[in-house]
Amino acid sequence: MKLKPTLYIIRIDNERADKLAKDAMQHGQPYPLTKLPKLHIKGLLRKSMFEEWETSWKNGDTGRKIYNIMPSVSLRPTNWIREDVIFFSQHGPFPAYLKRFQLSDSDYCSCGGIGTALHYDTECIFTLSWYMRKPVPNFEQEWLKRVANILVSRRKIRIIVKFLSENRDLFRRA
């Protein structure tokens, strides 16, 4: 289950509070009673939680396609909408993705190519109107990073993903 960043922070905060309470019960007062300003404590907690989040993102094994585009965490919103996430995570109405999870018998698009997100964005005859130039294979990640940061490119991607979602049967090989 994926958690939104705020829910993730709350969960970490609750887990940390539980751990501190357990330590205090077992070992007595773990910290001297020093009154610190609330803002200072909040700042320390925020910094600690952010560092844990960063470590989890860096060392995790999920979300690697997005990690390759955004290698560090940020509290700044990305302004991505559903279609952006579908395209860049490559989890969506793509035959290659559906086949991987046995939701389809074939990973081919009805045009004959392998139905990946990149296929629809660069070479499928059904999405010809919204083509982008195909990246050189060795630079696919750099291409994705660049496309993710260009609003005009993301608009094309959004149109393609919406088109694919609305016309799923057109893209499945019989």
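Because the structure is predicted, anything quoted here is derived from the model rather than measured.

### Side note on the overall build of the protein chain
Then, number 1: Assigned secondary structure in the protein chain consists of 9 helices and 0 strands.
Then, number 2: Put simply, the protein chain runs from its N terminus to its C terminus through helices and strands in the order α-α-α-α-α-α-α-α-α.
Then, number 3: Put simply, of all contacts in the protein chain between residues at least 6 apart along the chain, 48% involve residues at least 24 apart.
Then, number 4: Split by element, the accessible area of the protein chain, about 12500 Å² in all, is 56% carbon and sulfur.

### Observations regarding helix 8 (residues 151-166)
Residues separated by three or four positions in an α-helix point in the same direction, a consequence of the helix having 3.6 residues per turn.
Then, number 1: With 16 residues, helix 8 extends 22 Å between its outermost C-alpha atoms, agreeing within 8% with the 22 Å of an ideal straight helix rising 1.5 Å per residue.
Then, number 2: What helix 8 keeps buried is the set Ser 153, Arg 154, Ile 157, Arg 158, Ile 160, Val 161 and Leu 164. Taken around the axis of helix 8, the buried residues stretch over an arc of 170 degrees, which confines them to a single face. Opposite the buried face of helix 8, by more than 90 degrees, sit the exposed residues Val 152 and Glu 166.

### Description of the side chain of Ser 106
Then, number 1: Within the secondary structure, Ser 106 sits in the loop between helix 5 (95-100) and helix 6 (117-122).
Then, number 2: Separated by 3.0 Å, the side chain of Ser 106 and the backbone nitrogen of Tyr 108 make a polar contact.

### Let's talk about the side chain of Ser 89
Then, number 1: With respect to the helices and strands, the residue Ser 89 is situated in helix 4 (residues 82-89).
Then, number 2: On the basis of relative accessible area, Ser 89 is assigned to the buried category, the value being 10%.
Then, number 3: The residues touching Ser 89, leaving out its near neighbours within four places in the chain, are Lys 65 and Ile 66.

### Points about the packing of helix 4 against helix 8
Then, number 1: In contact at an axis separation of 9 Å, helix 4 and helix 8 are set at 90 degrees when each is read in the N-to-C sense. What the angle tells us is that helix 4 and helix 8 run roughly perpendicular. Two secondary-structure elements touch here, helix 4 through Glu 83, Asp 84, Ile 86, Phe 87 and Phe 88 and helix 8 through Arg 154, Ile 157, Arg 158, Val 161 and Lys 162.
Then, number 2: Class assignment for the residues of the contact of helix 4 with helix 8 results in 5 nonpolar, no polar and 5 charged.

### Describing the pattern of salt bridges
Then, number 1: What the rule picks out here adds up to 4 salt bridges.
Then, number 2: Here Asp 84 and Arg 158 are joined by a salt bridge, their closest N and O atoms 2.7 Å apart. Pair noted here: Asp 84 is in helix 4 and Arg 158 is in helix 8, with a separation of 74 residues, a long-range link.
Then, number 3: Owing to a relative accessible area of 0%, Asp 84 belongs among the buried residues under this scheme.
Then, number 4: The class for Arg 158 is buried, based on a relative accessible area of 15%.
Then, number 5: Among the salt bridges present, the one from Glu 123 reaches Lys 134, with a minimum N-O distance of 2.8 Å. Linking Glu 123 in the loop between helix 6 and helix 7 (140-148) with Lys 134 in the loop between helix 6 and helix 7, this pair joins segments that are 11 residues apart in sequence.

### Some remarks on the confidence of the model for the protein chain
Residues shown with low pLDDT carry predicted positions that ought not to be read at fine detail.
Then, number 1: For the protein chain, the average pLDDT comes to 84, and 86% of its residues sit at 70 or higher.
Then, number 2: The spread of mean pLDDT over the elements of the protein chain runs between helix 1 (residues 5-27), the lowest at 67, and helix 4, the highest at 94.

### Description of unusual backbone geometry
Then, number 1: With phi around 65 degrees, Asn 79 is a residue other than glycine that occupies positive phi space.
Then, number 2: Positionally, Asn 79 belongs in the loop between helix 3 (64-69) and helix 4.
Then, number 3: Phi is positive for Gln 102, close to 55 degrees, though the residue is something other than glycine.
Then, number 4: Among the structural elements, Gln 102 can be located in the loop between helix 5 and helix 6.
Then, number 5: Overall, the relative accessible area of 67% leaves Gln 102 in the exposed class.

Conventions and cut-offs
Residues numbered from 1 in each chain as written. Predicted model: local features only at pLDDT ≥ 70, side-chain atom pairs only at ≥ 80, totals over all residues. Heavy atoms only, no water. Helix = DSSP H or I, 4+ residues; strand = E, 2+ residues; numbered from the N terminus. Contact = heavy atoms within 4.5 Å. Areas by Shrake-Rupley, 256 points an atom, 1.4 Å probe, with all protein chains shown as cover. Expected span 1.5 Å × (residues − 1). Buried < 20%, exposed > 50% of the residue type's maximum accessible area, 1.4 Å probe, protein only. Arc of directions from axis to C-beta. Polar contact = N/O pair within 3.5 Å; in protein donor to acceptor, adjacent residues only side chain to side chain. Axes fitted to C-alpha atoms, helices over the stretch in contact; angles between N-to-C directions. Parallel < 35°, antiparallel > 145°, perpendicular 65-115°, else oblique. Nonpolar A, V, L, I, M, F, W, Y, C, P; charged D, E, K, R; others polar. Salt bridge = Lys/Arg side-chain N within 4 Å of Asp/Glu carboxyl O. pLDDT = per-residue confidence, 0-100.

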